[in-house]
Amino acid sequence: MISDEIQRITAQLPTGVRLVAVSKFHPSEAIREAYAAGQRVFGESHAQELQLKHEELSDLQGLEWHFIGHLQTNKVKYIAPYVTLIHAVDSPRLLAEIDKQAQKCGRTISCLLQLHVAAEETKFGFTPDEARAFLGGGSWQALEHVRLSGVMAMATNTDDTTRIRDDFRRARRFFEEARQQYPSFTELSMGMSDDWHIAIDEGSTLIRIGTQIFGQRQY
Ligand SMILES: *Cc1c(COP(=O)(O)O)cnc(C)c1O
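Note that the structure is a prediction, hence the values are computed from the model and not measured.

**Student:** Explain the site of the ligand to me, and be specific about the residues and the numbers.
**Tutor:** As a matter of local geometry, the ligand sits amid Val-22, Lys-24, Ile-68, Met-152, Met-192, Ser-193, Arg-208, Ile-209, Gly-210, Thr-211 and Arg-217. Between an oxygen atom of the ligand and a side-chain N or O atom of Lys-24, the distance comes to 2.7 Å. Between the ligand and Arg-208, the relevant distance is 2.9 Å, taken from a nitrogen atom to a side-chain nitrogen or oxygen of the residue. Computed on the free molecule, the ligand has an accessible area of 390 Å², of which 89% lies beneath the protein chains in the complex. A breakdown of the residues in the shell around the ligand according to their chemical character gives five nonpolar, three polar and three charged.

Below, the structure written as structure tokens:
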């Protein structure tokens, strides 16, 4: 049951770690069930789907939407009016677009830089060196409608827990380093259904769990 899983997980969270319930591809009714169990933060990874659910669930007080997946710049405008945290900022261009759309709605949107630490090839995310160069460049500090609040990372998709731990450690090391210089860095988003215990060991402050709570996605 959804409510049992929410309770099972939240009972194990150390102080300072929050659960993002990843509801992508699950119906709004499932979100209502999680909400009834006390869950308030939900993660989605498709702008249109989030938009629809935001409308269907507008009666729920205090619900927080996080965008956790790859976000195309042309979709930012749909979610800017209400999204609380964008986890996977993977380019300077995307951050600039979020700033622009947030300004249009008179908001400041918190964002995390997606750090690429996994073994898989991907075009998404900054390597630690790229992230260092971007932060050091400083142009982001002129963006008044985004707040860079930390780092998000995914571990290699593998059963090798040593490798997973190692990936999380690299993300944490980068996060700690950035936090020395940028006090707005307070969040380290890492950990999914299969690896969240390791992520918490390695300093995660936001775990993003879908399958364990809602079951297999439908498509
Ligand atoms: C889908 C998704 C998750 C949740 O994954 P589960 O294995 O279902 O817990 C977490 N983070 C991101 C970025 C995702 O896209």
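There is more to say, and it comes next.
**Student:** Let's hear about the pairing of strand S2 (residues 41–44): which residues, and what values?
**Tutor:** Residues of S2 alternate between two faces, with Val-41 and Gly-43 on one and Phe-42 and Glu-44 on the opposite face, all of them buried. As paired elements, strand S1 (residues 18–22) and S2 share two bridges and run parallel to each other. In the strand pairing of S2, Val-22 is matched with Gly-43. The sheet contact formed by S2 and strand S3 (residues 64–67) spans four bridges and is parallel. Among the inter-strand pairings, Glu-44 is bridged to a residue of S3, identified as Phe-67. As for the winding sense of the linkage, the β-α-β connection from S2 through helix H3 (residues 47–56) to S3 is right-handed.

**Student:** Residue-level account of the packing of aromatic side chains, with values.
**Tutor:** Going through the model one piece at a time under the given rule, you end up with four aromatic pairs. Ring centres 6.2 Å apart and planes at 55° place the aromatic pair Phe-42 and Trp-65 in the tilted group. With Phe-42 in strand S2 and Trp-65 in strand S3, this pair connects stretches of sequence that are 23 residues apart. Classification of Phe-42 by relative accessible area gives buried; the value is 0%. Aromatic pair Tyr-182 and Phe-185: ring centres 5.8 Å apart, planes at 40°, arrangement tilted. Relative accessible area serves as the criterion here: at 10%, Tyr-182 is assigned to the buried category. Three or more aromatic residues joined by ring pairs make a cluster, and in this case those are Trp-140, Tyr-182 and Phe-185. The side chain of Arg-40 reaches across the aromatic face of Tyr-35, ending 3.7 Å from its centre.

**Student:** Give me the lowdown on helix H2 (residues 28–36), citing residues and values where you can.
**Tutor:** Among the residues of H2, those classed as buried are Ser-28, Ala-30, Ile-31, Ala-34 and Tyr-35. One face of H2 carries all of its buried residues, which in axial projection span an arc of 155°. Exposed positions of H2 whose direction lies more than 90 degrees from the buried face are Glu-29 and Ala-36. At its buried positions, H2 is contacted by helix H1 (2–11), S2, H3, S3 and helix H9 (211–214). Once H2 ends, the next one or two residues include Gly-38, with phi positive near 105°.

**Student:** I'd like a description of the nonpolar core, backed by residues and values.
**Tutor:** Ile-79, Ile-86, Ile-98, Cys-111, Leu-135, Ile-207 and Ile-213 are the most contacted members of the largest nonpolar core, which totals 65 residues. In terms of residue count, the dominant contributor to this core is helix H7 (residues 161–181) (six residues). Sequence-distant contacts of Ile-213, that is, excluding residues within four places in its chain, are made with Ile-2, Glu-5, Ile-6, Ile-9, Leu-19 and Ala-21. Of all hydrophobic cores here, the second largest spans seven residues; its members include Val-20, Val-41, Leu-85 and Leu-112.

**Student:** Tell me about the pattern of salt bridges, residues and numbers included.
**Tutor:** On inspection of all chains with the given rule, the structure shows 18 salt bridges. Across the pair Arg-8 and Glu-5 runs a salt bridge whose closest N-O atoms are separated by 2.9 Å. Of this pair, Arg-8 and Glu-5 both sit in helix H1, separated by three residues, roughly a single helical turn. Accessibility expressed as a relative area gives 15% for Glu-5, which makes it buried. For the salt bridge of Arg-172 with Glu-176, the shortest nitrogen-to-oxygen distance reads 3.3 Å. Note that Arg-172 and Glu-176 are positioned in helix H7 at a spacing of four residues, about one turn of the helix. When its relative accessible area of 25% is taken as the criterion, Glu-176 is described as partly exposed. Shared partners join several salt bridges into a network, and the residues in it are Arg-163, Asp-166, Asp-167 and Arg-170.

Thresholds, definitions, all that
Residues numbered from 1 in each chain as written. Predicted model: local features only at pLDDT ≥ 70, side-chain atom pairs only at ≥ 80, totals over all residues. Heavy atoms only, no water. Near = heavy atom within 4 Å. Polar contact = N/O pair within 3.5 Å; in protein donor to acceptor, adjacent residues only side chain to side chain. Areas by Shrake-Rupley, 256 points an atom, 1.4 Å probe, with all protein chains shown as cover. Nonpolar A, V, L, I, M, F, W, Y, C, P; charged D, E, K, R; others polar. Buried < 20%, exposed > 50% of the residue type's maximum accessible area, 1.4 Å probe, protein only. Helix = DSSP H or I, 4+ residues; strand = E, 2+ residues; numbered from the N terminus. Pairing = 2+ DSSP bridges. Right-handed = clockwise from strand over helix to strand, strands pointing away. Phe/Tyr/Trp six-rings, centres within 6.5 Å; stacked < 30°, edge-to-face > 60°. Lys NZ or Arg CZ within 6 Å of the ring centre and 35° of its normal. Arc of directions from axis to C-beta. Contact = heavy atoms within 4.5 Å. Core = buried A, V, L, I, M, F, W, Y, C linked by side-chain atoms within 4.5 Å. Salt bridge = Lys/Arg side-chain N within 4 Å of Asp/Glu carboxyl O.

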